[in-house]
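Tertiary structure, described
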Amino acid sequence: QVQLVESGGGLVQAGGSLRLSCVASESIFSIKSMGWYRQAPGKERELVAIITGGGSTNYVDSVKGRFTISTDNAKNTVYLQMKSLKPEDTAVYYCNLNRWTVVYWGQGTQVTVSS
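A short tour of the structure in this document, coming up. (Residues numbered from 1 in each chain as written. Predicted model: local features only at pLDDT ≥ 70, side-chain atom pairs only at ≥ 80, totals over all residues. Heavy atoms only, no water.)

This brings us to the overall build of the chain. Along the chain, the regular secondary structure elements total zero helices and eleven strands. Its C-alpha atoms give the chain a radius of gyration of 13 Å, near enough to 13 Å, the size a compact globule of 115 residues would have. The principal-axis extents of the C-alpha atoms in the chain amount to approximately 40 × 25 × 25 Å. When the 115 residues of the chain are sorted by exposure, 43% land in the buried category. Considering only intrachain contacts with a sequence separation of at least 6, the fraction spanning at least 24 residues in the chain is 54%. For the chain, the accessible area works out to roughly 6,100 Å², and carbon and sulfur atoms hold 48% of it. Charge centroids of the chain, computed over 11 positive and 8 negative side chains, lie 4 Å from each other. (Helix = DSSP H or I, 4+ residues; strand = E, 2+ residues; numbered from the N terminus. Rg over C-alpha atoms; globule rule 2.2 N^0.38 Å. Buried < 20%, exposed > 50% of the residue type's maximum accessible area, 1.4 Å probe, protein only. Contact = heavy atoms within 4.5 Å. Areas by Shrake-Rupley, 256 points an atom, 1.4 Å probe, with all protein chains shown as cover. Lys, Arg positive; Asp, Glu negative; His and termini not counted. Charge placed at Lys NZ, Arg CZ, Asp CG, Glu CD.)

Here we come to the nonpolar core. Among the nonpolar cores identified, the biggest contains 30 residues, and Leu4, Met34, Trp36, Leu80, Met82 and Tyr93 are the most heavily contacted of them. Elements supplying a minimum of two residues to this core: strand S3 (18–24), strand S4 (33–39), strand S5 (46–52), strand S7 (67–72), strand S8 (77–82), strand S9 (91–98) and strand S11 (109–114). The contacts of methionine 34, once residues within four sequence positions are left out, are Leu4, Cys22, Ile28, Ala49, Ile50, Ile51, Ile69, Val78, Cys95, Asn96 and Leu97. (Core = buried A, V, L, I, M, F, W, Y, C linked by side-chain atoms within 4.5 Å.)

Moving on, we get to the state of the cysteines. Per the counting criterion, the structure on display carries one disulfide. The disulfide that involves cysteine 22 links it to cysteine 95, with 2.1 Å between the sulfurs. Here the S-S torsion is close to -80°, and the disulfide linking cysteine 22 with cysteine 95 is therefore left-handed. Here cysteine 95 lies in strand S9 and cysteine 22 lies in strand S3, a separation of 73 residues in the sequence. (Disulfide = S-S within 2.5 Å.)

Here the focus is the pattern of salt bridges. Under the defined criterion, the tally for this structure stands at five salt bridges. Across the salt bridge formed by aspartate 89 and arginine 38, the nearest N and O atoms sit 3.0 Å from each other. You can see aspartate 89 sitting in the loop between S8 and S9 and its partner arginine 38 sitting in strand S4, a full 51 residues away along the chain. By relative accessible area, which is 1% here, aspartate 89 ends up buried. Residue classification places arginine 38 among the buried positions, given a relative accessible area of 6%. Among the salt bridges present, the one from aspartate 89 reaches arginine 66, with a minimum N-O distance of 2.8 Å. Pair noted here: aspartate 89 is in the loop between S8 and S9 and arginine 66 is in the loop between strand S6 (57–59) and S7, with a separation of 23 residues, a long-range link. With relative accessibility at 10%, the residue arginine 66 sits in the buried group. One network of salt bridges, in which partners are shared, links Arg38, Glu46, Arg66 and Asp89. (Salt bridge = Lys/Arg side-chain N within 4 Å of Asp/Glu carboxyl O.)

Turning next to the packing of aromatic side chains. One pass over the structure, following the stated rule, counts one aromatic pair. Above the plane of the ring of tyrosine 94 lies arginine 45, whose end atom (NZ or CZ) is 3.7 Å from the centre. Over the face of the ring belonging to tryptophan 105 we find arginine 45, whose NZ or CZ atom lies 4.7 Å from the ring centre. (Phe/Tyr/Trp six-rings, centres within 6.5 Å; stacked < 30°, edge-to-face > 60°. Lys NZ or Arg CZ within 6 Å of the ring centre and 35° of its normal.)

This next bit is on the sheet that holds strand S1 (residues 4–7). The sheet built from four strands is open, its strands ordered S1-S3-S8-S7 with antiparallel pairing. On the outer flanks of this sheet lie S1 and S7, each paired with one strand and no other. Averaged over all pairs of adjacent strands, the angle between strand axes in this sheet comes to 15°, irrespective of strand direction. Summarising the sheet, S7 and S8 pair through six bridges and their orientation is antiparallel. (Pairing = 2+ DSSP bridges. Axes fitted to C-alpha atoms, helices over the stretch in contact; angles between N-to-C directions.)

What follows is the structure in structure tokens.
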């Protein structure tokens, strides 16, 4: 059972930046992908950014140019650098690890962007 622990969330003013981190309890080599999802109150969970084991990335349109996903395999960590934050980015952000036959989720970290 892989444990994913997110950190880095918090309260920030619009236009500010945050960097989320997600540390996996096991190696993230040979994975299908890691990603960040978010869920705002009353809304469904949505994919924000994803990075494949080969390093390809993809983003939801609303964050393109503002968010960057990256990994540090030596630290078993995936990051989400968020810039130019908007109030609509407010949500609980969840880390996701896809190991082909099984998917793991973190517990989530709250990001609140004030206007």
